[in-house]
Amino acid sequence: MVMQGAAPIPVTVIGGFLGAGKTTLVNHILSGDHGLKVAVLVNDFGAVNIDAALITATEGSLYSLSNGCVCCGLNQGLVEQLEELLASRPDIDHVVIEASGVADPARIMDTVRYARFAARLRADAIVVMVDAAGFDDAIAAAPGLAEAQIGSADLLVLNKTELVDRTALDAWRAHWTFPDTRIVETARACVPFDILFAGQISQRGIASRFAAEPVHEQATSATWRHDGPIDLNCLQKVLAGLPTAIYRAKGFLRAHDGRRFAVHLVGTRLSFEPMAHAPEGLGTENLLVLIGFEKHPPFETILAQLDGCVEPAAPAAKGHA
Amino acid sequence: MRVLYDHRPSHSGHSAYADLVLINGSIYTGDPGLPWCRALAVARGRIVARGDRSDVEHLIGAQTKVTDLGGRFAMPGLYDMHTHPDLALAPRYADDLDIGIVDPTPDQVRDAILAYAAKHPNREWIYGQYFVRYTFRQAGLVPGKDWLDQVMPDRPVALLDRMWGTMMVNSEALRRAGITATTPDPANGYLERSPASGEPTGLLIDGAYALIHAAMPPTPVPVLRAAYRDGVRYQSARGVVSTKYVHVCENRLNALQSLDHAGELTLRVEAAISWQDDIFPVRRRWELLAGERHYYRSARLNANAVKFHFDGTVEPRSSYLMTPWDGNSTWSGKLNLTPEHLADMIWDMDRQGIRVIAHCTGDAASDTFLDAVEGARRRPGGLCVRHQCAHSTILHGGNLKRFRDLGVTAEFSPVSWYPSKFVSGARSGYGAERLSRAYNIKGVLEAGGVAVIGTDWPVSPLDPWIALETMVTRANPWGESEDRFGEPIALPQAIDVMTKNGAWSMGIDHEAGTLEIGKSADIIVLDRNLFEIEPQGNIHATKVDLTFVQGQLVHDRLNDKSEAVWHGEAPQLW
Ligand SMILES: [Zn+2]
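Residues numbered from 1 in each chain as written. Chains lettered and ligands numbered in written order. Predicted model: local features only at pLDDT ≥ 70, side-chain atom pairs only at ≥ 80, totals over all residues. Heavy atoms only, no water.

A. Structural detail: the packing of aromatic side chains. Under the defined criterion, the tally for this structure stands at 18 aromatic pairs over all chains. Ring centres of F261(A) and F272(A) lie 5.9 Å apart, and the angle between their planes is 50°; this geometry places the pair in the tilted category. Here F261(A) is found in strand β12 (residues 260-266), whereas its partner F272(A) is found in strand β13 (residues 269-275), with 11 residues between them in sequence. Taken as a pair, F261(A) and F272(A) share a single burial class, namely buried. Over the ring of F117(A) we find R116(A); its NZ or CZ atom is 5.8 Å from the centre of that ring. Sitting over the ring of F280(B), R252(B) keeps its end group 3.7 Å from the ring centre. (Phe/Tyr/Trp six-rings, centres within 6.5 Å; stacked < 30°, edge-to-face > 60°. Helix = DSSP H or I, 4+ residues; strand = E, 2+ residues; numbered from the N terminus. Buried < 20%, exposed > 50% of the residue type's maximum accessible area, 1.4 Å probe, protein only. Lys NZ or Arg CZ within 6 Å of the ring centre and 35° of its normal.)

Below you can see the structure in the form of structure tokens.
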């Protein structure tokens, strides 16, 4: 059971080949205006271009930045480094781990999910960067590895789109898009923070974040509220089968047996995190925010499917936001 | 049974003649009293005369086998004091499912499982490799028990993924392993679970494999026997006369004993029982240590040793070091066992005459190990067994003389650290200061200690000649890297490390390791004189024409009509 006020810290693993733009994304996060204290563990500290003026403190291997982020090089066993980070900076909101170019990022997330980190860390998403201009070279350089990286991605970032034309991008998509793939196309690795960090709610920011407007202009969202108890298996099916226009879902719910969960869906990764009791200020038993990144995600259909997961025995007031 | 036929009671009469005489050789004995000779005579497995032809002529009788070496170089046979042929070779004989497609689609995985099941109707488990996640995603499928149950509902199936990080099992496999929603995750892995119900999905990560392996039948003796047979045949063809198989269980000992009885254990084997279950389970560990090990004892085989992993390795930075891995962190690695555990265990093993072989890569690991041996030496009842510090990758300068003082063997793995692009990159993690004192064979020898080598196959190749060359050159044998790590030692010293020091570390230095009168006739005849060639690029390519163990010709490279057990070139194993 999770203790109130100590929700697990979400962890994002950034994977992808050397040169796909992982370090650019890391710099984007470290210098970004997302209002979060993000701890970034990087492979090569020297490659990160932190402006020395932004460094407010250095503590051991940990550099604190003026926007609240911290950064450190991956210089010991991942398990030990995460332990050290959790001990020295319990206040951080989100952990980002940059995988090496030759790593299968799934293996890194596997470590995050070891039992020792249960209730302390939560696997949020594996984000895999792909160099739209150099992917064929990556496949040729290490057959199997590039496919493994794509296969383990919860979200794919097709980066350096400015270097190739639309036909090439569409051809790439046609070949590498799986039925459940969510792809974000970027130039210079500018992934919207809504996609990277929107799961950042649980007990930390609570309901206030639900009201916040998406910072990225492309994002659209819908909110589902209901007071009836939920059939978890039904909900799991609906969420696992969401159209790929939906990139994230987050919220809270109460099962018919009284247990409460925080729900996180990022791309293809779904987790239900047990909670002791409902967060204050929700005003409803079940609440789910769906975030899409295409023009017209079929929100109405999804909300109707969610209604269908309410146990019929407990009719209750419902309403769509 | 060879081992029983060969023995002769001490009062039985024997011939006045030699069984074997080698003449016309350029024989390096390893004995400072007489480093070189041209002829040797052997009776009942031991050297009975040496010198020139005139010194052995009177021992040649009608039954004596006389071998003219034609001027070739001969020397004592080699000692590989840490290796694991079973780990590399057993999977080749296990006949597990191998789909054999680079990127198998789910349909191809299904077809392969069904074909394997039909071909092996009596196999309890369907176990093998591999599936890839992305082809499942391509097909819009989720790997796990739901998919696998549709393929094979009634027989247990376990299939690894290509990266060996995930195992997919069906419901029957979960049932046999007793895995349910309430099964806790192991410390070093987890069960993938349905978010809603907590039910295992049939995907197991890392350390969770052990739950399935524990439910599967152990590797069968015939598979292990075939694996060891290939390893032994290779080692004999490369001139190894004594070895330590570091990590064994009851099945492995049964396999080795079966080879021994068949006359195919053509070198001495000291087998070290695993102290931990991290590589494979040892079901009879305590019975073996308490005395069951004696049932395996013969002139060629003993199991009077245990092996454990005391710290980790360089790549995940889990070696246990005196100072932090780098200046930016307090992390200096860690021990897998408490020093108290170690102290009591070494003392207890020492009292039973069991050698403790401790995997220690970091300088703090070997330091703690030496402390524990020192403690055991002060407690009553010890037998002063020559314990062994395995790998000894980084040693503290202050500990070099303790190997001599405490009678502990410093074992090194030169085959895994000769300079190459890969090794230079991986080892740079130690940092410049530590790298400058890594692999310090010379330091141990100069301090009067005993250093030996192990090939540590499959970590590095089983070929001991790579070790001999690189100890002398500290260079890449194929010229693929300019780097040189550490201090070279002279050829005679390197030969000592791989012959008489090995015998010392097995406790048989009084009867083996050099070519002296009264000692075991463990002799190898080579295609080149090691003292007359440029070491770099040449020593590792040495071919062994003949290998004698206890006077028995076990390997003959050139004459396939001879009575040797093995003939021809060493088999290609990797
Ligand atoms: Zn080993």
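The discussion continues.
B. Summary view of the pattern of salt bridges. Under the counting rule described, the total for this entry stands at 61 salt bridges over all chains. Residues R188(A) and E162(A) are paired through a salt bridge, measuring 3.9 Å at the closest nitrogen-oxygen approach. On the criterion of sequence distance, the pair formed by R188(A) in the loop between β9 (183-185) and α7 (193-197) and E162(A) in the loop between β8 (155-159) and α6 (166-176) is long-range, its members being 26 residues apart. Here R188(A) falls in the exposed class, since its relative accessible area comes to 55%. Between R557(B) and D545(B) there is a salt bridge; the shortest N-O distance is 2.8 Å. Of this pair, R557(B) sits in the loop between β24 (552-556) and β25 (566-567) while D545(B) sits in strand β23 (residues 544-549), and the two are 12 residues apart along the sequence. The class for D545(B) is buried, based on a relative accessible area of 3%. One continuous salt-bridge network, built from bridges that share partners, spans R72(B), K543(B), D545(B), R557(B) and E569(B). (Salt bridge = Lys/Arg side-chain N within 4 Å of Asp/Glu carboxyl O.)

C. Broad picture of the sheet that holds strand β19 (residues 388-391) of chain B. Residues and elements named next belong to chain B. With parallel pairing, the 8 strands of this open sheet are ordered in space as β8-β15-β16-β17-β18-β19-β20-β21. In the strand order of this sheet, the two ends are held by β8 (78-83) and β21 (450-453), each with one partner. Looking at each pair of strands side by side, their axes are set apart by 25° on average, direction ignored. Here strand β20 (residues 409-412) pairs with β21 via 4 bridges, running parallel. Across the sheet, residue F412 finds its bridge partner in β21, namely I453. (Pairing = 2+ DSSP bridges. Axes fitted to C-alpha atoms, helices over the stretch in contact; angles between N-to-C directions.)

D. Up close: the nonpolar core. Residues M75(B), F369(B), W465(B) and L530(B) are the most contacted members of the largest nonpolar core, which totals 103 residues. Of all hydrophobic cores here, the second largest spans 47 residues; its members include F17(A), C72(A), F117(A) and A153(A). (Core = buried A, V, L, I, M, F, W, Y, C linked by side-chain atoms within 4.5 Å.)

E. Structural context of the packing of helix α19 (residues 464-473) of chain B against helix α20 (residues 491-498) of chain B. Residues and elements named next belong to chain B. One way to put it is that α19 packs onto α20 with a least axis distance of 9 Å and a crossing angle of 145°. Here α19 and α20 pass one another in a crossing that is right-handed. For the pair α19 and α20, contact is made by P464, A467, L468, M471 and V472 and by L491, A494, I495, V497 and M498, respectively. Counted by class, the contact of α19 with α20 contains 10 nonpolar, no polar and no charged residues. (Left-handed = near helix turned anticlockwise from the far one by under 90°. Contact = heavy atoms within 4.5 Å. Nonpolar A, V, L, I, M, F, W, Y, C, P; charged D, E, K, R; others polar.)

F. Layout of the sheet that holds strand β1 (residues 9-16) of chain A. Residue and element names in this part refer to chain A. With respect to topology, 9 strands assemble into an open sheet ordered β3-β4-β5-β2-β6-β1-β7-β8-β9, the strand pairing being mixed. If you trace the sheet from one side to the other, it starts and ends with β3 (55-59) and β9, each paired once. The sheet shows a mean angle of 20° between the axes of neighbouring strands, direction not considered. Across 4 bridges, the pairing between β1 and strand β6 (residues 94-98) is parallel. Among the inter-strand pairings, V13 is bridged to a residue of β6, identified as I97. Along the sheet, helix α1 (residues 22-30) contacts β1, β2 (38-42), β4 (62-65), β5 (70-73), β6 and β7 (121-131); its crossing angle with β1, the most-contacted strand, is approximately 150°. Packing of helix α2 (residues 78-88) onto the sheet brings it into contact with β1, β2, β4, β5, β6 and β7, and relative to β2 it is tilted by some 155°.

G. Quick peek at the pairing of strand β11 (residues 157-161) of chain B. Residue and element names in this part refer to chain B. Most of β11 is tucked away, with 5 of its 5 residues classed as buried. Because side chains alternate across β11, one face comprises the buried residues V157, L159 and D161, and the other comprises A158 and L160, equally buried. As paired elements, strand β10 (residues 126-131) and β11 share 5 bridges and run parallel to each other. Its bridge partner being in β11, I126 is matched across the sheet by V157.

H. Summary view of the interface of chain A and chain B. Listed as interface residues are 35 residues of chain A and, on the opposing side, 31 residues of chain B. Together, the buried faces of chain A and chain B total about 2,600 Å²; carbon and sulfur atoms form 52% of this surface. For the interface between chain A and chain B, the tally reads 3 salt bridges. The salt bridge involving R113(A) is made with E192(B); its shortest N-O contact spans 3.4 Å. Taken together, the connections running from chain A to chain B amount to 10 residue pairs in polar contact (both at pLDDT 80 or more). Among the secondary structure elements, those contributing two or more residues to the side of chain A that touches chain B are α2, α3 (105-112), α5 (145-151), α6, α10 (232-240) and β13 of chain A. Examining the composition of the side of chain A that touches chain B, we find that 5 residues originate from one element, α5(A), more than from any other. (Buried area = accessible area lost by both parts, 1.4 Å probe. Polar contact = N/O pair within 3.5 Å; in protein donor to acceptor, adjacent residues only side chain to side chain.)

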